[in-house]
Amino acid sequence: MSVGKVLVLHGPNLNLLGTRQPEIYGHETLADIDDALRAQAADHGWAIDCRQSNHEGELIDAIHAARLDGTAAIIINPAAYTHTSVAILDALNAFDGRVIEVHLSNVHKRESFRHHSYVSLRADGVIAGLGSRGYRAALEALIAAG
Ligand code: CA2
């Protein structure tokens, strides 16, 4: 029996992690990040589902499913949709659990179009610029809060 259930959602192009632009996004692959999160969740008796999609609608469908399947929290890196997607914001607004927004890079140190996040209007917490550690910090915070 798990204590809680968390959905990790990675947005477009994050499947390329570890293959290009390591100076911005680090050397770890998405599989490395997800494996570490699964181990961390298992250590604390939490269930975790990690997904990546390059398609806005698929991310929205996953958020909708999380509304109905007992998911307690969502950790989301919406990638470029962070800065464009009212649709993802609307889906998250229909989700009752906790939401943590994670960015590998410090978006505020980058181009001005990355400084605004629609998702931050809903997120309970935002982590940016800590690389892959940001995901683990997000999960740690959720687990600590129970
Ligand atoms: O810093 C982040 O985590 C971002 O969400 C990453 C997005 C970017 O659009 C956001 O502004 C900030 C981009 C993800 C692209 O990932 C790649 C990874 C490796 C190679 C190419 C792209």
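Structure report, in brief. If you're wondering where the values come from, they're calculated on a predicted model, not measured in any experiment. (Residues numbered from 1 in each chain as written. Predicted model: local features only at pLDDT ≥ 70, side-chain atom pairs only at ≥ 80, totals over all residues. Heavy atoms only, no water.)

1. A word on the site of the ligand
Right, so step 1: Taken together, 17 residues sit near the ligand, with Asn77, His83, Leu104, Ser105 and Arg114 positioned nearest.
Right, so step 2: A distance of 2.5 Å is found between an oxygen atom of the ligand and a side-chain nitrogen or oxygen belonging to Ser105.
Right, so step 3: Here the ligand has 510 Å² of accessible area as a free molecule, and 93% of this is covered by the chains. (Near = heavy atom within 4 Å. Polar contact = N/O pair within 3.5 Å; in protein donor to acceptor, adjacent residues only side chain to side chain. Areas by Shrake-Rupley, 256 points an atom, 1.4 Å probe, with all protein chains shown as cover.)

2. Looking at unusual backbone geometry
Right, so step 1: Of note in this structure, Asn13 is not a glycine but carries a positive phi near 75 degrees.
Right, so step 2: Here Asn13 lies in the loop between β1 (5-10) and α1 (22-25).
Right, so step 3: For Asn13, a relative accessible area of 51% corresponds to the exposed category.
Right, so step 4: If you check the backbone angles, Ala79 has positive phi at about 55 degrees while not being a glycine.
Right, so step 5: Topologically, Ala79 is positioned in the loop between β3 (73-77) and α4 (86-93). (Helix = DSSP H or I, 4+ residues; strand = E, 2+ residues; numbered from the N terminus. Buried < 20%, exposed > 50% of the residue type's maximum accessible area, 1.4 Å probe, protein only.)

3. Looking at the pairing of β3
Right, so step 1: With respect to burial, β3 is a largely interior element, five of its five residues being buried.
Right, so step 2: Judged by which residues are buried, β3 turns out to be covered on both faces: Ala73, Ile75 and Asn77 on one side and Ile74 and Ile76 on the other are all buried.
Right, so step 3: In this structure, β1 lies alongside β3, joined through five bridges in parallel fashion. Opposite Leu9, over in β3, you have Ile76 as the bridge partner.
Right, so step 4: Pairing analysis gives four bridges linking β3 to strand β4 (residues 98-103), with the strands arranged parallel. Counted as the bridge partner of Ile76 is Glu101 from β4.
Right, so step 5: Following the backbone out of β3, through α4 and into the adjacent parallel β4, one traces a crossover that is right-handed. (Pairing = 2+ DSSP bridges. Right-handed = clockwise from strand over helix to strand, strands pointing away.)

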